Amino acid sequence: MDIIGFLRFISPVLIGSVIGYFTNYLAIKMLFRPHKEYKIGKLTIPFTPGIIPKNRGRLAKAIGAAVGETLLTTDDLVDTVKNSPMKEQISEKIISIIFESDNTVETLTGTNDIAKTQPVEDICDIAGEKIVKGLCKTDMKPMISSAVDEIIGEKLRNPMVSMFLNEKVLSAIYVKVEDGIKEYLKNNGSIMFSLYLNEEIDHIAKKPFCEGAKELKLEREAIKNAVNKAVDTVAQKVGETVAESMDIQTIVSDKIDAMDINELEGLVMSVMKNELQAIINLGAIIGAVIGIINLFI
């Protein structure tokens, strides 16, 4: 075969390969280029801007919808928190504070006298008032009767005493005692209980957590389970709140729509460079195959 015959044989293959390569190369470039619209007078030049710049708004909405409705749902956010190592780290940290350290409420809050802070004093005052109201609504006569029986029970066996301290007289005494107790509670109870609660809070705040855990006979596994359940509950509530207040779909859509077209092209090419090059190469192969087929037609 002379050189002319060889060229006649190879030319269709080379031409088909080159055409296929540059056709696919041009098609991929036209996804992004030109970046802006060109006109001749009032006539817009076809295929300007490129496909992605021209449809960027629609593309941004489609990607935003895919992310917001399918890829990043409320359940996904919640499950991520529930199944993440963070939950285990929180549990271990709380357990170490309770069982292994000498930390107190005061050291953790950085407050030397937590019982005298305004929020705690207010809580104690409110709690004291609630206790007094609850006690004043309570029927104390059975309790008073029981206490009196313990004190003078033996003496009531004496016929002379029992004659004067009969059930009717005792009942009147119980009422008077109850009225006196409730009157005292109304006048002094709130302050009394508030001071007592403040003293107890001050005592607890200064006591290391590990001592309190021993006194209450707390178990590590029980605390861990409780913390894990609390984290799951918080994650569920927070996830729902975040999903309601944060429109992921709109955020993603606006972010993509606001990107510079060069930045968007660079982002796509950085991810799809090998795949897009494979498409270009495939065009060259298909062009070469077509060229070979033409030799036998």
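Preceding this paragraph is the structure being described.
Let me begin by describing the structure that accompanies this report. (Residues numbered from 1 in each chain as written. Predicted model: local features only at pLDDT ≥ 70, side-chain atom pairs only at ≥ 80, totals over all residues. Heavy atoms only, no water.)

Time to look at the overall build of the protein. When helices and strands are counted, the protein shows 14 helices and 2 strands. Looking at the protein as a whole, 24% of its 297 residues qualify as buried. In the protein, 77% of the contacts between residues at least 6 apart in sequence involve partners at least 24 apart. Looking at the protein as shown, the accessible area adds up to about 20,800 Å², and 63% of this sits on carbon and sulfur atoms. (Helix = DSSP H or I, 4+ residues; strand = E, 2+ residues; numbered from the N terminus. Buried < 20%, exposed > 50% of the residue type's maximum accessible area, 1.4 Å probe, protein only. Contact = heavy atoms within 4.5 Å. Areas by Shrake-Rupley, 256 points an atom, 1.4 Å probe, with all protein chains shown as cover.)

Burial in helix 13 (residues 248-258) covers these residues: Ile248, Ser253 and Ile256. Axial view of helix 13: buried residues confined to an arc of 125°, hence all on one face. Summarising the geometry of helix 13, the exposed residues directed more than 90 degrees from the buried face are Lys255 and Ala258. (Arc of directions from axis to C-beta.)

This part covers the pattern of salt bridges. Taken as a whole and judged by the stated rule, the model has 5 salt bridges. The partner of Arg56 in a salt bridge is Asp257, with the nearest N and O atoms 4.0 Å apart. With Arg56 in helix 3 (residues 56-71) and Asp257 in helix 13, this residue pair connects regions lying 201 residues apart in the sequence. Residue classification places Arg56 among the partly exposed positions, given a relative accessible area of 22%. (Salt bridge = Lys/Arg side-chain N within 4 Å of Asp/Glu carboxyl O.)

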